[in-house]
Amino acid sequence: MLSIWGRRRAAQDGPPIWTSYSDGPVPDWDYAGIRPEAFREAILRRGAVMLRKAADKETLLEIKAALDALFNDYAATPAGEFERHLESNDPGERDLWEQIKRSHIFDRTFKLATGRSYYEIIRKSGLWALAEQAFPESAVAESQVCNCRRVSDADIRPLFDRPIEFHIDAQVFYDHCLSVNFWTPLDPCGVDAPGLEVIPLGVDETRKYLEHKQMGYSRRPADIGLMHHFRCAKLEAAPLAESGLVSRVWVPEFEVGDVLAFTNFTMHATHHTAAMSQPRVSVEVRVDLPGYRLRFPPSGGA
Ligand SMILES: [Fe+2]
């Protein structure tokens, strides 16, 4: 599967169809000394903020070890046994085995299995407090969709997931409120292991580009979740290029401890190349901001 980055080298951007995007890269900041007001401005206007050396490395190592141990317990499970559990009449059993198969262990499951929580990452580092201070009009709440993810390169590895093309999380999870994903890799990534690529575009601008409509449009046959609330066809390579957005794609390299904060309306994809030989484990530590008012219709752009 080619990433948008691979396609970008093959196809030049066409003339911009819509030229009113505010310009600028993803802020790439050292976490020490960050101001909540600057964080708020940056994530709303650029869609993402890199926070270098934000997370406590010891905590990340412990969570990585706990996840490795959890998955190792299932590594030798025959495929037939997986299928039997996935077809169980017990919804809880199906849910657990689906999480393991997709390598998406939700925090609720991680807590039960290990006594630990992914939220330790953002509470201990002060990222939770940063969200509270940056968005004082809102409570900060743990998301129901907080999970790990294990992504491998082109080789298919058991209990690892595949790279994902450009999307926004709101098209799958929820679009009623703003949510911030403190995306935290537990391995160095972006060079030898799959990383992440993002389009630096503000929350309202992205919603405007994707024509966010809370009542939704007619569902297309392949639509899942809330995809019909957005013009998801505009996430494909050709319209992104025609809109002048491909040239903006940012592909950071991550060291352990770096955290990329982005929203549920930020366009992002797995960054992967054929040369990547290592897998990557990451945790998506999401907080919801129900008191932040989303404008309908979105008014980004001009
Ligand atoms: Fe995502």
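Right, let's walk through the structure included here. (Residues numbered from 1 in each chain as written. Predicted model: local features only at pLDDT ≥ 70, side-chain atom pairs only at ≥ 80, totals over all residues.)

Helix and strand counts for the protein stand at ten helices and nine strands. Along the three orthogonal principal directions, the C-alpha set of the protein runs to about 55 × 45 × 40 Å. Taking the intrachain contacts of the protein between residues at least 6 apart in sequence as the baseline, contacts between residues at least 24 apart amount to 82%. (Helix = DSSP H or I, 4+ residues; strand = E, 2+ residues; numbered from the N terminus. Contact = placed C-beta atoms within 7 Å.)

A few words on the packing of helix α2 (residues 36-46) against helix α8 (residues 127-134). The axes of two packed helices give the description: the angle between them and the distance between them. Where α2 meets α8, the closest approach of the two axes is 8 Å, and the angle between their N-to-C directions is 80 degrees. Relative to α8, α2 is oriented roughly perpendicular. Across the interface between the two elements, P36, F39 and R40 of α2 pack against L130, Q133 and A134 of α8. Its residues assigned to classes, the contact of α2 with α8 comprises four nonpolar, one polar and one charged. (Axes fitted to C-alpha atoms, helices over the stretch in contact; angles between N-to-C directions. Parallel < 35°, antiparallel > 145°, perpendicular 65-115°, else oblique. Nonpolar A, V, L, I, M, F, W, Y, C, P; charged D, E, K, R; others polar.)

Here we take up the environment of E242. Structurally, the position occupied by E242 is in helix α10 (residues 237-242). In the structure, E242 is positioned 70 residues away from V172 in sequence and 25 Å away in space, judged by C-alpha atoms.

Below, the discussion takes up the pairing of strand β2 (residues 48-52). In terms of burial, β2 is largely enclosed, as four of its five residues are buried. Bridge count for strand β1 (residues 28-30) against β2 is three bridges, and the pairing is parallel. Each residue of the ladder has a partner; that of D28, found in β2, is M50. With respect to chirality, the unit in which β1 leads through α2 into the neighbouring parallel β2 is right-handed. In this sheet, strand β7 (residues 259-263) lies alongside β2 in antiparallel orientation, the contact comprising four bridges. What sits directly across from M50, in β7, is L260. (Buried ≥ 20, exposed ≤ 12 C-beta atoms within 10 Å, placed from the backbone. Pairing = 2+ DSSP bridges. Right-handed = clockwise from strand over helix to strand, strands pointing away.)

Quick look at the nonpolar core now. If you look at the biggest cluster of nonpolar residues, it comprises 64 residues, and the most contacted ones within it are V49, V259 and A261. If sequence neighbours within four positions are ignored, V259 has contacts with L51, A54, A55, L127, F182, W183 and T184. (Core = buried A, V, L, I, M, F, W, Y, C linked by C-beta atoms within 7 Å.)

Relative orientation of the contacting elements helix α4 (residues 79-86) and helix α5 (residues 91-102) amounts to 140 degrees, with a least axis distance of 8 Å. The orientation of α4 relative to α5 falls into the category oblique. Listed contacts from α5 to F82, H85 and L86 of α4 are E93, R94, W97, E98 and K101. Looking at the contact of α4 with α5 residue by residue, the class counts come to three nonpolar, one polar and four charged.

A separate point is α8. Side chains three or four residues apart in an α-helix point the same way, a direct result of the helix having 3.6 residues per turn. Turning to α8, its buried residues number three or more, namely L127, L130, A131 and A134. Buried residues along α8 cover an arc of 100 degrees about the axis, so they all sit on one side. In this structure, the buried side of α8 is in contact with α2, α7 (120-125), β5 (178-185), β7 and β9 (280-289). (Arc of directions from axis to C-beta.)

In this structure, P297 follows F296 across a cis peptide bond, with omega equal to -5 degrees. Here P297 lies in the segment after β9. In this structure, K53 takes a positive phi of about 55 degrees despite not being glycine. Its location among the elements puts K53 in the loop between β2 and α3 (57-72).

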